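Structural overview
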Amino acid sequence: MEAKNIFSRAADRESWNRNTELGVDLKTFLCRDERMQTGKGYSGRLRRDSDAVVDDFFCRDAHFTFVEMAAAKSKRNPHVFEGEYITVTLRDDGSYHPNFKEMKMGKGFTIDRYALEVYRELRLAFTRLIGR
């Protein structure tokens, strides 16, 4: 009878911790705060980037990315990067979508310079968002 109680308590503990992730690596992209504040709630998207790997000689925690959404506006596809030449939006399915802004073809405009500046902004945006 005692053995049955031990197993039932173990099952209770397992179900209680079912949605708990221990020892994770979390990257945050916040709108206003540099670091998350204790006790403050944030609205956004949490994405699991990789699972934990535990081997005899190697251990890596699961990796998550949290992107905070601006609370003031309830946009369908919020901008997560805004540059001079492009903006990047986060879609409902979690994918990033670059959008070109209107080209300003003034004095000194060249296609090569424009393409180079767009490349730089794309690289900066995705480096910040994806971190690779």
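The present account deals with the structure reproduced in this document. (Residues numbered from 1 in each chain as written. Predicted model: local features only at pLDDT ≥ 70, side-chain atom pairs only at ≥ 80, totals over all residues. Heavy atoms only, no water.)

1. Examining the side chain of E121
Mapping E121 onto the fold places it in helix α2 (residues 111-130). In this structure E121 touches F81, G83, E84, Y85 and I86, once residues within four positions along its chain are discounted. (Helix = DSSP H or I, 4+ residues; strand = E, 2+ residues; numbered from the N terminus. Contact = heavy atoms within 4.5 Å.)

2. With respect to the packing of aromatic side chains
The geometry of an aromatic ring pair comes down to the distance between the two centres and the angle between the two planes. Under the counting rule described, the total for this entry stands at two aromatic pairs. Between the aromatic rings of Y85 and Y114, the centroid separation amounts to 5.7 Å while the plane-to-plane angle is 75°, which identifies the pairing as edge-to-face. Note that Y85 is positioned in the loop between β6 (79-82) and β7 (86-90) and Y114 in helix α2, a separation of 29 residues in sequence. Relative accessible area serves as the criterion here: at 14%, Y114 is assigned to the buried category. On the numbers, 5.9 Å between centres and 50° between planes, the contact of F109 with Y114 is tilted. We classify F109 as partly exposed; its relative accessible area is 25%. Grouping aromatic residues by their ring pairs yields a cluster made of Y85, F109 and Y114. (Phe/Tyr/Trp six-rings, centres within 6.5 Å; stacked < 30°, edge-to-face > 60°. Buried < 20%, exposed > 50% of the residue type's maximum accessible area, 1.4 Å probe, protein only.)

3. Regarding the sheet that holds β7
Sheet strands line up and pair through hydrogen bonds in the backbone, either parallel or antiparallel. Read across the open sheet, the three strands follow the order β6-β7-β8; overall the sheet is antiparallel. Of all the strands in the sheet, the pair left with one neighbour each is β6 and β8 (96-100). Adjacent strand axes in the sheet meet at a mean angle of 20°, parallel and antiparallel pairs treated alike. Relative to β8, β7 runs antiparallel, the two being bridged by five bridges. Paired with T87 across the two strands is N99, which belongs to β8. Packing against the sheet, α2 makes contact with β6, β7 and β8, and its axis sits at approximately 155° to β8. (Pairing = 2+ DSSP bridges. Axes fitted to C-alpha atoms, helices over the stretch in contact; angles between N-to-C directions.)

4. Thoughts on the pattern of salt bridges
Oppositely charged side chains can form a pair if their charged atoms are brought close together. One pass over the structure, following the stated rule, counts four salt bridges. Of the charged contacts in the structure, one is a salt bridge between R47 and D49, with a shortest N-O distance of 2.8 Å. The partly exposed category is assigned to R47, whose relative accessible area is 31%. Overall, D49 belongs to the partly exposed group, its relative accessible area being 27%. As a salt-bridge pair, E117 and R120 come within 3.2 Å of each other at their nearest N and O atoms. You can see E117 and its partner R120 sitting in helix α2, three residues apart, about one turn around the helix. In this structure E117 comes out as buried when scored by relative accessible area, which is 14%. When salt bridges with common partners are traced through the structure, they connect R113, E117 and R120 into a single cluster. (Salt bridge = Lys/Arg side-chain N within 4 Å of Asp/Glu carboxyl O.)

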